[in-house]
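Structure assessment
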Amino acid sequence: MKKNAAYYCVQCGNEFSKWQGKCPACGEWNALVEQPQEAPSKKAKPARAGTYESQGVIGLTDIQTAEEIRFSTGLNELDRVLGGGAVVGSIVLVSGEPGIGKSTLMMQICRDILRFGGVLYVSGEESPRQIKLRATRLGVETLNILAETDLSSVLEATARLQPRVLIVDSIQTLYMPELSSTPGSVGQVRECALALMQLAKNTGTTVFVIGHVNKEGAIAGPKVLEHMVDCVLCFEGDRDHVHRLLRSEKNRFGSTHEIGVFEMREEGLAEVANPSEMLLAGRPVNVPGTCVACLMEGTRPMLAEVQALVTQTSFGVARRTINGMDYNRAMLLLAVLEKRAGLLVGAQDVYINVVGGLQLNEPACDLPAMLALASSYRNTPVPPEVTAIGEVGLTGELRAVSALSQRLQECARLGFTKCVIPAQGSGHVPVPEGVSLIRAKSVNDALKILFS
């Protein structure tokens with residue numbers, strides 16, 4: 001007799017009795033995958049293994065509030081992204097492309113966490129010999145290693161050793177014997193993540209879980225995996241380059257706007273304490289089509305170089321290639337540049353690139369992007385000592401931005417002596433020593449001042 005099958009959406013985690021091309025819950029196409037339904041008795045066994053110990057109904061006034069206990073991972077950049085350090089009893093999901101350095105990052109935190117408590121490193125992808133070779137290269141001398149994919153064995157070892165930190169590499173390799181589906185399937189990933197979450201809440205063990213990504217760049221497995229964990233970290237970067245960016249997409253104990261910068265070396269990941277200098281290294285001087293922007297990544301101001309190339313098109317329709325900015329936002333800036341500033345870029349091929357792999361997601365980077373475009377169009381360089389900060393409206397006006405004082409301090413620290421800022425809302429901003437402000441009311445004002 002054929003077993004009944006259920007269909008799960010890998011994006012939202014909803015279950016359906018039959019396959020459909022489009023998920024009725026979240027609207028994603030081709031997101032439903034088939035999973036055999038398990039018998040209730042078999043499915044209940046793994047759930048009891050790590051069931052959260054409920055305290056029953058508690059009144060709000062009876063709950064004792066206290067700050068979450070944090071401890072340092074030994075990497076200041078990782079601590080910043082986590083919100084000040086790892087939280088006791090939390091579960092953190094670390095995702096990234098293959099070979100980007102996820103296992104290296106997890107091994108490096110073992111070196112310093114071992115001073116505060118035990119660490120159990122569970123690997124379903126590598127043998128103990130391979131793990132030891134990496135640990136030796138990174139300077140980790142003592143570490144408890146378990147090369148196992150059976151979740152019940154992992155839970156038993158955790159109960160016996162009682163480590164302060166449990167590292168699982170990776171969640172897609174774990175499986176529950178009670179489930180007939182293969183490791184990495186929707187059901188296995190969901191149930192294993194649930195058991196690890198309950199383990200963290202019951203015992204106070206901090207769990208770091210490495211997760212794979214699919215070809216679209218999303219975390220492999222059901223979307224509910226990201227809802228279960230307390231923090232989702234994304235390790236980004238080009239394997240052909242040495243720099244890596246660590247971002248937080250979800251954090252129940254801190255901000256999701258912080259960013260950590262690392263440099264991949266032979267001895268492991270080195271923290272980049274001053275990412276602005278790294279991002280501006282090799283910046284061309286007196287070359288048209290480049291301008292420096294200052295963006296806020298959480299509480300940290302960072303300088304990034306925006307490059308633009310405007311050239312006569314060879315086809316009937318002009319090309320638009322945008323890297324590092326929202327495409328629609330870039331099209332809006334081009335329209336304002338043509339309508340309000342009189343630069344006829346409609347028949348020009350336009351290319352925009354943000355050096356270093358950063359994403360300019362805030363409107364304060366509108367003005368430097370437009371100055372880079374105007375510089376390339378007029379073939380006139382922006383002075384090398386000039387930076388720009390400001391949001392551009394549809395009428396071409398410049399609007400005030402947040403954290404302007406912090407941005408100016410970062411510009412002054414890196415040697416920039418002039419900064420174009422909006423005239424609106426900048427009257428009482430303290431001016432750093434050695435920096436002169438160019439206050440402009442509109443894009444036209446800024447272009448006349450810089451290119452007159």
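Residues numbered from 1 in each chain as written. Predicted model: local features only at pLDDT ≥ 70, side-chain atom pairs only at ≥ 80, totals over all residues. Heavy atoms only, no water.

Let's talk about the overall build of the protein chain
Scanning the protein chain for helices and strands turns up 12 helices and 23 strands. Out of the 452 residues in the protein chain, the part that is buried amounts to 49%. Looking at the protein chain alone, contacts between residues at least 24 apart form 67% of all its contacts between residues at least 6 apart. When the accessible surface of the protein chain is totalled, it reaches about 21500 Å², and 50% of it is carbon and sulfur. (Helix = DSSP H or I, 4+ residues; strand = E, 2+ residues; numbered from the N terminus. Buried < 20%, exposed > 50% of the residue type's maximum accessible area, 1.4 Å probe, protein only. Contact = heavy atoms within 4.5 Å. Areas by Shrake-Rupley, 256 points an atom, 1.4 Å probe, with all protein chains shown as cover.)

So, helix α5 (residues 151-161)
Of all the residues in α5, the buried ones are L151, V154, L155, A157 and T158. The buried residues of α5 occupy one face: seen down the axis, they fall within an arc of 165°. In this structure, α5 carries E156, A159 and R160 as exposed residues pointing more than 90 degrees from its buried face. Immediately beyond the C-terminal end of α5, within one or two residues, lies Q162, with a positive phi of roughly 50°. (Arc of directions from axis to C-beta.)

Things to note about the packing of aromatic side chains
Applying the stated rule across the entire model yields one aromatic pair. In this structure, R164 is placed above the aromatic ring of F71, and the distance from its NZ or CZ to the ring centre is 4.2 Å. (Phe/Tyr/Trp six-rings, centres within 6.5 Å; stacked < 30°, edge-to-face > 60°. Lys NZ or Arg CZ within 6 Å of the ring centre and 35° of its normal.)

With respect to the pattern of salt bridges
In total, this model carries 14 salt bridges according to the counting rule given. Salt-bridge contacts for D230 lead to R252; the nearest nitrogen and oxygen are separated by 2.7 Å. Taken together, the positions of D230 in the loop between α7 (224-228) and β11 (231-236) and R252 in the loop between β12 (243-251) and β13 (259-265) put the pair 22 residues apart, joining distant regions of the chain. Residue D230 is classed as buried on the basis of its relative accessible area, which comes to 2%. (Salt bridge = Lys/Arg side-chain N within 4 Å of Asp/Glu carboxyl O.)

Remarks on the side chain of Q348
Within the element layout of this structure, Q348 appears in strand β18 (residues 348-354). Once residues within four sequence positions are removed from consideration, Q348 is found in contact with V310, T311, Q312, T313, A318, R319, R320 and Y377.

A few points about the sheet that holds β18
Here seven strands make up an open sheet; going across it, the order is β17-β18-β16-β15-β19-β22-β23 and the pairing mixed. Single-partner strands in this sheet number two, and they are β17 (320-323) and β23 (436-440). Looking at each pair of strands side by side, their axes are set apart by 25° on average, direction ignored. For strand β19 (residues 386-388) and strand β22 (residues 418-422), the ladder comprises three bridges, and the chain directions are parallel. Its bridge partner lying in β22, T387 is registered against C419. Sheet contacts for helix α9 (residues 327-339): β17 and β18; angle to β17, the most-contacted strand, approximately 125°. (Pairing = 2+ DSSP bridges. Axes fitted to C-alpha atoms, helices over the stretch in contact; angles between N-to-C directions.)

Examining the environment of E297
Along the chain, the position of E297 falls in strand β15 (residues 290-297). By relative accessible area, which is 9% here, E297 ends up buried. Sequence separation of E297 and I259 is 38 residues, and the distance between their C-alpha atoms is 6.1 Å. For E297, the contacting residues outside a window of four places in its chain are R247, H257, E258, I259, M302, L358 and Q359.

Details of a nonpolar patch on the surface
Residues I58, L60 and I63 make up a contiguous nonpolar surface patch of about 310 Å² in total accessible area. Along the chain, I58 falls in the loop between α1 (40-49) and β4 (70-71). With a relative accessible area of 39%, I58 lands in the partly exposed category. (Patch = residues over 30% accessible without salt bridge, like charges linked within 9 Å, V, L, I, M, F, W, Y side chains within 5 Å.)

Some details on the confidence of the model for the protein chain
Here the protein chain averages 87 in pLDDT, while 93% of its residues score no lower than 70. The least confident element of the protein chain is α1, whose mean pLDDT is 44; the most confident is helix α10 (residues 366-378), at 96. When the criterion is pLDDT under 50, residues 40-50 qualifies, and its contacts beyond four places in sequence or with other chains add up to 14 contacts. (pLDDT = per-residue confidence, 0-100.)

A short note on the pairing of β15
Counting buried residues in β15 gives eight out of eight residues, a clear majority hidden from the surface. Side chains T290, V292, C294 and M296 of β15 all project onto a buried face; the interleaved residues C291, A293, L295 and E297 project onto the opposite face, where all are buried too. As paired strands, β15 and strand β16 (residues 300-312) are joined by eight bridges and run antiparallel to one another. The residue bridging A293 from the neighbouring strand is A304, located in β16. Across two bridges, the pairing between β15 and β19 is parallel. When the sheet's bridge partners are listed, V292 is paired in β19 with T387.

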